[in-house]
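Residues per chain are reported as follows:
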Amino acid sequence: MAVSNPSSDLLAVSQITSLPDSFYYVPQFISLEEEAYILQKARYRTLFFPTQPVKLTHDAIPSNRWTHLSHRRLQAHPSVLSGKAGDVLPSAPLPPWLSTFPPIAERFEKLGVFKNTKHGAANHCLVNEYNAGEGIMPHEDGGAYSPVVATVSLGGTVCLDVYEKTEHDRTVDKAAAATSAVDGRDEEKNARSKPRWRILQPPRSLLVTMDPAYTFTIHGISPIAIDEDLGPETVANWELLEEDVRKSIMDNGGSSTRGLRISLTYREVLKVNKAVSAIFGKR
Ligand SMILES: O=C(O)CCC(=O)C(=O)O
Ligand SMILES: [Fe+2]
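If you're wondering where the values come from, they're calculated on a predicted model, not measured in any experiment.

A.B. asks: What am I meant to see in the environment of Gln40 here?
C.D. replies: Structurally, Gln40 can be placed in helix 2 (residues 32-41). Through-space distance from the C-alpha of Gln40 to that of Trp97 is 9.6 Å; in sequence the pair is 57 residues apart.

A.B. asks: Just checking my understanding: could you explain the pairing of strand 9 (residues 148-155) for this structure?
C.D. replies: Look at any regular strand and the pattern is simple: side chains alternate between the two faces of the sheet. Judged by how many residues are buried, strand 9 sits mostly within the fold: seven of eight residues are covered. Pairing geometry for strand 9 and strand 12 (residues 206-210), over five bridges, is antiparallel. Its bridge partner lying in strand 12, Val152 is registered against Leu206. Where strand 9 and strand 16 (residues 261-267) come together, six bridges link them in antiparallel fashion.

A.B. asks: In this structure, what is going on with the environment of Pro78? I would like to understand it.
C.D. replies: Following the sequence through the fold, Pro78 ends up in the loop between strand 5 (73-77) and strand 6 (88-89). You can call Pro78 buried: its relative accessible area is 17%. For the pair formed by Pro78 and Pro90, sequence separation is 12 residues and the distance between their alpha carbons is 8.5 Å. Once residues lying within four places of it in the same chain are set aside, the contact partners of Pro78 are Arg65, Leu89, Ala92, Pro93, Leu94, Asn123 and His124.

A.B. asks: Looking at this structure, I do not really get the coordination of the iron ion (ligand 2). What am I missing?
C.D. replies: When four donors bind a metal tetrahedrally, each ideal donor-metal-donor angle is 109.5 degrees, and when six bind octahedrally, the ideal angles are 90 or 180 degrees. For the iron ion (ligand 2), the full set of protein donor atoms is His139 (NE2), Asp141 (OD) and His219 (NE2), and the range of their distances to it is 2.1 to 2.2 Å. Written as a sequence motif, the donor residues of the iron ion (ligand 2) are H-x1-D-x77-H. Taken as a pair, His139 in strand 8 (residues 136-139) and His219 in strand 13 (residues 217-221) lie far apart in primary sequence, 80 residues in all. Its relative accessible area of 2% is what places His139 among the buried residues.

Cut-offs and rules
- Residues numbered from 1 in each chain as written.
- Chains lettered and ligands numbered in written order.
- Predicted model: local features only at pLDDT ≥ 70, side-chain atom pairs only at ≥ 80, totals over all residues.
- Heavy atoms only, no water.
- Helix = DSSP H or I, 4+ residues; strand = E, 2+ residues; numbered from the N terminus.
- Buried < 20%, exposed > 50% of the residue type's maximum accessible area, 1.4 Å probe, protein only.
- Pairing = 2+ DSSP bridges.
- Contact = heavy atoms within 4.5 Å.
- Donors = N, O, S within 2.8 Å, 3.2 Å for Na, K, Ca; no water.

Below, the structure written as structure tokens:
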């Protein structure tokens, strides 16, 4: 399904033009207050002073909410996917703190992020947590979703590494397509060399990835404590970053120290279990 061609001028001006179509970067997609509110809802203890970045400390999200992986942990909202191939959303709506208050779904709509997808709106959000030094192996997000992912960053700053697919990846894709429609979040096979591009994701920013990049690139976050060698030549969205972000990196000799980071990765699951959605309301 083709989903690129941004439907709003706002998204069009946010395109990272040095990357293959289509990546979009929007700074300050949410406010400091909204960031603090979402983090509190996700049960982080935040120390929040208006006008200053939130200071984030670990806290008790009920442990049954987290899935623990080797280098990060995550929560799936409204739930994990079910079905034999793990690609069906037993539909319930996203909780308000991820959709209506703050009005993130409405902002996606204004930007036209999910405009050309099957259901026209995000219906699933993976909340990832990374400590400094943690990351996610290079992977693709796969066929359970429409080819759009919208990532809101909270807490710390990281660089997302983007790789072109190799011949090997393409062969694996073909084999997977021939056997089933399973989700391609196969992270472990993917040790690879240097990323072709890097995208900086400061807190409160939005990064949108759409086709063809969704299908033809691979992304990951390296498990390091400091992102180095950052600047106009090496960061694809450098020109779209806010002046104070660029300045603080330059003042730091081109580096950015990682801290606890939470990412909200919004997607649209293609298959929705209608029987359950009839009980919980349409989405
Ligand atoms: O945390 C991020 O920004 C990326 C996470 C990711 O790639 C995923 O959840 O599939
Ligand atoms: Fe991903």
